Amino acid sequence: MKLRLLSLEETKRIYDRHMVRDFPPAERKPFASIRQLMEAGLYEPLGAEAEDGRLLAYAWQTVVPGCASALLDYFAVLPEGRGRGTGTAVLRALAARDAPHRDSLIIECEHPAEAPDPAAARRRIGFYLRAGARPTAMESRLFGVRYLIYAMPCGAAVPDADINTDLQAIYRATVPEPYYRGNVIFYGA
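Residues numbered from 1 in each chain as written. Predicted model: local features only at pLDDT ≥ 70, side-chain atom pairs only at ≥ 80, totals over all residues. Heavy atoms only, no water.

(A) Here's a closer look at the side chain of H18. In this structure, H18 sits in helix α1 (residues 8-22). A relative accessible area of 9% places H18 in the buried class. Discounting residues that sit within four places of it in the chain, H18 has contacts with R13, L55, Y58 and L78. (Helix = DSSP H or I, 4+ residues; strand = E, 2+ residues; numbered from the N terminus. Buried < 20%, exposed > 50% of the residue type's maximum accessible area, 1.4 Å probe, protein only. Contact = heavy atoms within 4.5 Å.)

Next comes the structure, spelled out in structure tokens:
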């Protein structure tokens, strides 16, 4: 398996074909926003491919200059690859890929207390924990969705305070002001 940076056209195809199935509308930003972030150099859509070039998963991350962490914005394994260790392998490959440039990968998980499918939210959290992520003392609420914040180390463990600083910087750089202001709950929430 290899990770490859996707072109705008490849990103759009995955958005239209897979994201509409993998993410509920409340969690899916308009593609125009993704395009804008890519053009600004703040977004890295990556595809995880088999040796034959077949797409296995996608992991799209937000990267902001000056931040030691990236935000895993969207991550999904295609249905035929689920339950086979593909997701864990992709996350670990992503952390290894990022290690020279970043300290951690920030992961937002829908809070089970407010998720439309609490059991699915708990399974997702369990997956990230088994893959090596750790819980933080942070939550966020964006566009009406409450998230628990996890950190996947790319090297040494990073304190919550540093994750908090990076997450705030990432949100400030990428979330429109009317939604950012007053809708984010940080460190120690």
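Still more ground to cover, so stick around.
(B) Quick peek at the packing of aromatic side chains. Applying the stated rule across the entire model yields eight aromatic pairs. Here the aromatic rings of Y43 and W60 are separated by 6.4 Å at their centres, their planes lie at 75°, and the arrangement is edge-to-face. Of this pair, Y43 sits in strand β2 (residues 43-49) while W60 sits in strand β3 (residues 55-62), placing them 17 residues apart in sequence. Classification of Y43 as buried rests on a relative accessible area of 5%. (Phe/Tyr/Trp six-rings, centres within 6.5 Å; stacked < 30°, edge-to-face > 60°.)

(C) Seen up close, the nonpolar core. One finds I34, Y58, W60 and Y74 to be the most contacted residues of the largest nonpolar core, which totals 34 residues. Elements that contribute at least two residues to this core include exactly α1, α2 (31-39), β3, β4 (69-77), β6 (134-142), β7 (145-153) and α5 (160-174). Among the elements that take part in this core, α5 stands out by supplying five residues, more than any other. Dropping the residues within four chain positions of it, Y58 is found in contact with I14, H18, M19, D22, F23, L46, G47, Y74, F75, A76 and L78. (Core = buried A, V, L, I, M, F, W, Y, C linked by side-chain atoms within 4.5 Å.)

(D) Focus on the packing of helix α3 (residues 86-98) against helix α4 (residues 118-131). Where α3 contacts α4, the two axes come as close as 10 Å, and the packing angle between them is 55°. By the criterion of interaxial angle, the relationship of α3 to α4 is oblique. Judged by the twist between their axes, the crossing of α3 over α4 is right-handed. Between α3 and α4, the contacting residues are G87, T88, L91 and R92 on the first element and F127, Y128, R130 and A131 on the second. Residues belonging to the contact of α3 with α4 are distributed by class as follows: four nonpolar, two polar and two charged. (Axes fitted to C-alpha atoms, helices over the stretch in contact; angles between N-to-C directions. Parallel < 35°, antiparallel > 145°, perpendicular 65-115°, else oblique. Left-handed = near helix turned anticlockwise from the far one by under 90°. Nonpolar A, V, L, I, M, F, W, Y, C, P; charged D, E, K, R; others polar.)

(E) View of the pattern of salt bridges. All chains considered together, the criterion is met by 16 salt bridges. The closest approach of N and O atoms between R141 and E114, which form a salt bridge, is 2.9 Å. Remark: E114 occurs in the loop between β5 (104-110) and α4 and R141 occurs in strand β6; sequence separation between them is 27 residues. We note a salt bridge from R134 to D160, for which the minimum N-O separation is 2.8 Å. Of this pair, R134 sits in strand β6 while D160 sits in helix α5, and the two are 26 residues apart along the sequence. Salt bridges here are not isolated pairs; linked through shared partners, they connect K2, R4, E10 and E49. (Salt bridge = Lys/Arg side-chain N within 4 Å of Asp/Glu carboxyl O.)

(F) Region of interest: the environment of E27. Within the fold, E27 resides in the loop between α1 and α2. Its relative accessible area of 18% is what places E27 among the buried residues. Expressed as a C-alpha distance, the spacing of E27 and D98, which sit 71 residues apart in the sequence, is 24 Å. Sequence-distant contacts of E27, that is, excluding residues within four places in its chain, are made with Y74, E110, V145 and Y147.

(G) Spatial organisation of the packing of α1 against α2. Packing of α1 against α2 brings their axes to within 11 Å, and their N-to-C directions diverge by 155°. Judged by the angle between their axes, α1 and α2 are roughly antiparallel. The way α1 lies across α2 gives a crossing that is right-handed. Here L8, T11, K12 and Y15 of α1 come into contact with α2, specifically with F31, I34, R35 and M38. Each residue belonging to the contact of α1 with α2 can be placed in one class, and the counts come to five nonpolar, one polar and two charged.

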